[in-house]
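# Breakdown of the fold
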Amino acid sequence: MSSKMEQKEAHQANGVVLPIVAGTIDCLTSPDREQLVESTEFLGPDGEGVEVVVLESRANAKGVREEDALLENGSQSNESDDTSTDRGPEPASPFKETSFSIGLQVLFPFLLAGFGTVAAGMVLDIVQHWDVFKYVTEVFILVPALLGLKGNLEMTLASRLSTAANIGQMDSPKELWRMITGNMALIQVQATVVGFLASIAAVIFGWIPDGHFSIGHAILLCASSVATAFIASLVLGMIMIGVIIGSRKMGINPDNVATPIAASLGDLITLALLSGISWGLYKELDSKAYVNPLVCAFFVALLPLWIIIAKKNPATREVLYSGWEPVIIAMAISSVGGLILDKTVSDPNFAGMAVFTPVINGVGGNLVAVQASRISTYLHMSGVPGESSEVAPRKCPSPCSTFFSSDLNSRSARVLFLLVVPGHLVFLYTISSMQGGHTTLTLIFIVFYMTAALLQVLILLYIADWMVHWMWGRGLDPDNFSIPYLTALGDLLGTGLLALSFHILWLIGDRDTDVGD
C-alpha cells in the first residue's frame, strides 16, 4: 500500500545509519520526517516504478565520535564511504596513534625545537652587549614580538598545511602548488604589515616610561623589524613546506613535527637576522641616514604583489581578509612580554633572563602549538567550522576532561605535559655546559624554574582545549586564529613567570644564581 512504508535493511556509512525506505514520495513531505538525502527510481516486479528514498537518520548518529577515525588505522577506510550528498568525500583515515607513538613522534622535533631556543637564548645573551642593544634599548621589546610573530605565522602556516595534507588537499601536484604559492604570499603580507606594527609598538612602549623619542631610532626599528620579518618568513616558509611534504612521504603525522620545527628554527633565524640587520643599520645611522627609510620603502612596495598572489587562492583569500586580528593582538601581547624583558635584562638581580627567556617561551609555545594543531585537525575531520558537531560539544571544559579523560586529545595533552620537565632539564644542562647566562644552576633555582615552566604549559594546554573548540563553534578556523593567541600568551606567561621566579630568588637570598658577568 502506498500509505505504508516498508523498512529495508539499513546501510552504514561513517557510523551514520542510513535506512532505505521504499514508498511514494508523498509520504515524505511532512515536516516531522527525516531529511531527504537521496532518491532513486527502480522497476518493481510488476514493471511499475518504485521510488527508493535514502533517509539520513540523525538520531542514530547521536554519540558517534570522530575519534575512531583518528585512533584506527587505514584498514577502516573502506568502511567509511559517505553516501550523503551534503558533504564531500571523507579524507583518508590518518595514522593510528597511541600515547607512545605520539610521544615518539613529538620527542625528536621537540628536542630539536628546544635546542633551537637554547641557541636563540645564547645568541641573545651575546648580542645584548652590542651597541645597538645598549643605545637603542627598544630592540629588546622587538625580540619577543618578532619571535612571537614568526612563531605565529610559521606555526599557523605549518598547522594550516598539516591539516590540508591530512585531509587530502595536497595530494595532487596542482593542489600542492596552489597551496604553496598562496600561503607563501600570505605570510609575506602578514610579516611585512605586522613587522611594521611591531616596530610602532616598540617605539610606544619605549617612549612611555622614559618620555624620550628619537626619529632616527624609530626608523631604525621599523627597517630592522620589517626586513627581519620578511626574510625570515621567506626562509622558514620554504623549510616548513619541505618538512610537511617529507613527513607525509615518511608516514609521520605532520601535526606532530611541523609546528615544533617551525618554532625552533623561527626563534634562532629571526633573532640572528634581527641582531645582524639592526647592527648593520645602526652603523649606517649617522653616515647614511637615507638607508633606513629606503629599506622600509622597499619591503612595503612589495606588498601589492603578495596581495595579488594571495587573493588568487580561495583558502588564503579568506585569511587575507579575516586573519589580521589574531596576529596583531598576539603581537601586542608579546610586546608586553618584551617590555618586561627590556626592564629586567639589564638588572643584575635578573642575570640569566636573556638566555632563559627564549627557552621557556619557545618550549611552551611549541607544545601548545602541537596540541592546538592536533585538535584542529581532529575537528576538521568532522566537518567545517561552525557546523554542529558531536566532537566539539564543550565550550568550557573542566581541567579533568582536558588532562584525564580517555579521548585522543586528552592523551596527547598528558604526553606533551610530561615532556616539560625532562626537556627543560636537558636544555638547562646544555646552557650550563656552554656557560651561558652567567648563572649557576642551584637546586632551588631549578625548582623555581621548573615550577614556572610547568605552570606555563599547564595553563596553555587548558586554554588551548577551550579556545580551539570555542573558535570552531563560532565558525572560525582554529588553524588560523588559535595559535597566534596561544603562542603570545606563552610568551607573556613565560617571561612574567620567569621574572617572578628570579625576583623571588633574589628576595630569599639565593645569590648563587648570579655570578655576574
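Refer to the structure presented above.
Since the model is a prediction, treat every value here as computed from it, not as a measurement.

### Examining the overall build of the protein
- Looking only at helices and strands, one finds 17 helices and 6 strands in the protein.
- Looking at the 517 residues of the protein, the share that counts as buried comes to 52%.
- Contacts spanning at least 24 positions in sequence make up 81% of the contacts within the protein whose residues lie at least 6 apart.
- In the structure as shown, the protein presents an accessible area of about 22400 Å², 64% of it carried by carbon and sulfur atoms.

### Describing a nonpolar patch on the surface
- Among the surface-exposed residues, F196, I200, I204, W207, I208, F213 and I215 lie close enough to one another that they form a single nonpolar patch of about 690 Å² accessible area.
- Looking at which element gives the most residues to the nonpolar patch, the answer is helix α5 (residues 173–210), with 5 residues.
- Assignment of secondary structure puts F213 in the loop between α5 and α6 (215–250).
- Judged by its relative accessible area of 46%, F213 falls in the partly exposed class.

### Considerations on the packing of helix α2 (residues 99–127) against helix α15 (residues 420–433)
- It is the contact of α2 with α15, at a shortest axis distance of 10 Å, that shows an interaxial angle of 35°. Considering how the two elements wind past one another, α2 and α15 form a crossing that is right-handed. For the pair α2 and α15, the contacting residues are F110, L111, G114, F115 and V118 in the first and G423, V426, F427, T430 and I431 in the second.
- Split into classes, the residues belonging to the contact of α2 with α15 amount to 7 nonpolar, 3 polar and no charged.

### With respect to the packing of aromatic side chains
- Enumeration according to the criterion identifies 14 aromatic pairs in this entry.
- Ring geometry for F110 versus F427: centroids 5.9 Å apart, planes at 55°, classification tilted. Of this pair, F110 sits in helix α2 while F427 sits in helix α15, placing them 317 residues apart in sequence.
- One aromatic cluster in this structure is built from F230, F298, F299 and W306.

Cut-off values and rules
Residues numbered from 1 in each chain as written. Predicted model: local features only at pLDDT ≥ 70, side-chain atom pairs only at ≥ 80, totals over all residues. Heavy atoms only, no water. Helix = DSSP H or I, 4+ residues; strand = E, 2+ residues; numbered from the N terminus. Buried < 20%, exposed > 50% of the residue type's maximum accessible area, 1.4 Å probe, protein only. Contact = heavy atoms within 4.5 Å. Areas by Shrake-Rupley, 256 points an atom, 1.4 Å probe, with all protein chains shown as cover. Patch = residues over 30% accessible without salt bridge, like charges linked within 9 Å, V, L, I, M, F, W, Y side chains within 5 Å. Salt bridge = Lys/Arg side-chain N within 4 Å of Asp/Glu carboxyl O. Axes fitted to C-alpha atoms, helices over the stretch in contact; angles between N-to-C directions. Left-handed = near helix turned anticlockwise from the far one by under 90°. Nonpolar A, V, L, I, M, F, W, Y, C, P; charged D, E, K, R; others polar. Phe/Tyr/Trp six-rings, centres within 6.5 Å; stacked < 30°, edge-to-face > 60°.

As far as function goes, none of this settles anything; it's purely spatial.
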